[in-house]
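Structural features, examined
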Amino acid sequence: MMFRATARHPALILDDVRGAQKMLSGVARATALEGSRHLTELVGAPVHLKCENLQRTGSFKLRGAYVRISGLTPVERAAGVVAASAGNHAQGVALASSLLGVRATVFMPVGAPLPKVAATQEYGAEVRLHGQVVDETLAAAQEYAERTGAVFIHPFDHPDIIAGQGTVGLEILEQCPEVRTIVVGIGGGGLAAGIAVAVKALRPDIRIVGVQAEGAAAYPPSFAAGHPVSLDDPVTMADGIKVARPGDVPFTFIEELVDEVRTVSEDELSSALLLCLERAKLVVEPAGASPVAALLSDPKAFRGPVVAVLSGGNVDPLLLQRVLRHGMSAAGRYLSLRLRLTDRPGALATLLAALTVADANVLDISHVRTDPRLGLTEVEVDLHLETKGPRHCEEVEAALRAEGYRVIG
């Protein structure tokens, strides 16, 4: 595949990525490539998970941050660095700066998950909370850089960042030489661009598929326009890929080298996160689960062997709890029912016994006697049940009806 004249020569970029790999030796881990039997069965070909969620700081971001800061002059290092991030880039910059002896200030959105804020501080950076979305935070960090002389470390829009992230692609080729498709999440585009540059230079036959959240998919309209365009209000739980505008530098490479960009829904992200946790025993944040979501949504569209890049595992426990519940609901693992019973002693106990026989786990129950819609001898019961899947939901409802219960909702 040929580059347009606006892009750098692929051999030079490949040399940059190889140089970054040498620089990162002993700093970033060569993360594991784990097989997934469940996804393999769905896709009909081997599927492997590239576990960047197990990277130092919990994501791939350390790679690019370390390469970028390593390239600063002594004068630039003395001025310190500043970054803006919802969490993963923040931690990558904080650790890289600490390892290199550079002072770091990191701006994070006001709503950034507390564990990510705490981790960034523990790696040695000064954290300043500003803005509601990453783009506002980026503007504050850039203003700070202009005012203080600190070097701004962009999360994705710099060749050194892309070269560092591209080392993930080199590792994939070393660990799985037979790979035919690589699936990777896209926010600003640094990781996908880096992987594409490295992989396409060595194996142009490999198909690279990018994945964006439906509510934060800036790349499709940017492709249509021929240049990066901004979304007015990106909305997704996947904060790691919640970026309103593609980076100018990665956009060029992604437009040239990434074969396809797909979008996934919030339900699909939830289901993918749940699958990673239950089947692969891997804690993955929603952005990191986006490649798995793409495989789940259209498994026969991917030629194997497939490598799905799990880009990060830094998920707020409270968000994880909500996402898992949402994922279980999307997978048909929850059943909500409203029943109307005759109000007599033991009626509720009899209902619970029927649910036990049906092998449904009661998560929550509400017993209402005072609603004006109810008859004098009636009560209404709201049930929230955990089931084994959609078929079991149907079986539970059928069992209750067979016992004479009136299901009204």
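The structure under discussion appears in the preceding block.
Note that the coordinates shown come from a computational prediction; the quantities given were computed from them, not determined experimentally.

Strands sit in the order S5-S4-S3-S6 across an open sheet of 4 strands; the sheet is parallel. Edge positions in the open sheet fall to strand S5 (126-129) and strand S6 (151-152), since each of these has one partner strand only. For strand S3 (residues 81-84) and S6, the ladder comprises 2 bridges, and the chain directions are parallel. Counted as the bridge partner of Val81 is Val151 from S6. On the sheet, helix H5 (residues 88-100) packs against S3 and strand S4 (104-108) and is oriented at approximately 165° with respect to S3.

Direction vectors running N to C along helix H12 (residues 266-279) and helix H13 (residues 290-297) enclose 105°, while the axes themselves pass 8 Å from each other. Looking at the two axes, H12 sits roughly perpendicular to H13. Residue-level contacts link Glu268, Leu269, Ser271, Ala272, Leu275 and Cys276 of H12 to Ser290, Val292, Ala293, Leu296 and Ser297 of H13. Per-class residue counts for the contact of H12 with H13 are 7 nonpolar, 3 polar and 1 charged.

On to the state of the cysteines. Within this structure, the stated rule accounts for 0 disulfides. There is no disulfide at Cys276, and the cysteine sulfur nearest it, in Cys51, is 8.8 Å away. The class of Cys276 is buried, set by a relative accessible area of 0%.

What follows is about the nonpolar core. With 63 residues, the main nonpolar core has Ile69 and Val81 as its most contacted residues. Broken down by element, this core gets its largest block of residues, 8 residues, from helix H9 (residues 190-202). Beyond its immediate stretch of four places on either side in the chain, Val81 contacts Ile69, Leu72, Val93, Ser97, Val102, Arg103, Ala104, Thr105, Ala150, Val151 and Ile153. The next biggest cluster of nonpolar side chains, apart from the first, holds 38 residues, and it includes Cys51, Leu282, Val284 and Ala294.

Taken as a whole and assessed by the stated rule, the structure comprises 15 salt bridges. Of the charged contacts in the structure, one is a salt bridge between Arg245 and Asp248, with a shortest N-O distance of 3.0 Å. Of the charged contacts, one joins Asp359 and Lys388 as a salt bridge, the two residues approaching to 2.4 Å between their closest N and O atoms. Placement of Asp359 in the loop between helix H15 (347-357) and strand S12 (361-368) and of Lys388 in the loop between strand S13 (378-386) and helix H16 (390-402) is noted, with a sequence separation of 29 residues between them. Asp359 sits in the partly exposed class, given a relative accessible area of 41%.

About the thresholds
Residue numbers run consecutively from 1 along every chain, following the written order of its sequence. Only residues with pLDDT of 70 or above have their local features reported here, since the model is predicted, and side-chain atom pairs are shown and tallied only from 80 upward, although totals for entire chains, interfaces and linings are computed over all residues. Side-chain calculation: all heavy atoms of the structure are included, whereas hydrogens and water are not. A pair of strands counts as paired when DSSP detects no fewer than two bridges linking them. Secondary structure elements are defined from DSSP: runs of H or I of at least 4 residues count as helices, runs of E of at least 2 residues count as strands, and each element is numbered from the N terminus. Working rule for contacts: check all heavy atoms of both residues, and any pair within 4.5 Å makes them a contact. With axes taken as lines fitted to C-alpha atoms, and helix axes fitted only over the stretch in contact, angles between N-to-C directions fall between 0 and 180 degrees. Should an angle lie under 35 degrees it is considered roughly parallel, over 145 roughly antiparallel, and from 65 to 115 roughly perpendicular; all remaining angles are considered oblique. Three classes are used, and their members are as follows: Ala, Val, Leu, Ile, Met, Phe, Trp, Tyr, Cys and Pro are nonpolar, Asp, Glu, Lys and Arg are charged, and the others, Gly among them, are polar. Only a pair of cysteine sulfur atoms within 2.5 Å counts as a disulfide in this structure description. Between buried and exposed lies partly exposed: a residue is buried under 20% and exposed over 50% of the maximum accessible area for its type, with that area taken using a 1.4 Å probe on protein chains only. To define a nonpolar core, start from buried Ala, Val, Leu, Ile, Met, Phe, Trp, Tyr and Cys residues and group those joined through side-chain atoms within 4.5 Å. What counts as a salt bridge is simple: a side-chain nitrogen of Lys or Arg found within 4 Å of a carboxyl oxygen of Asp or Glu.

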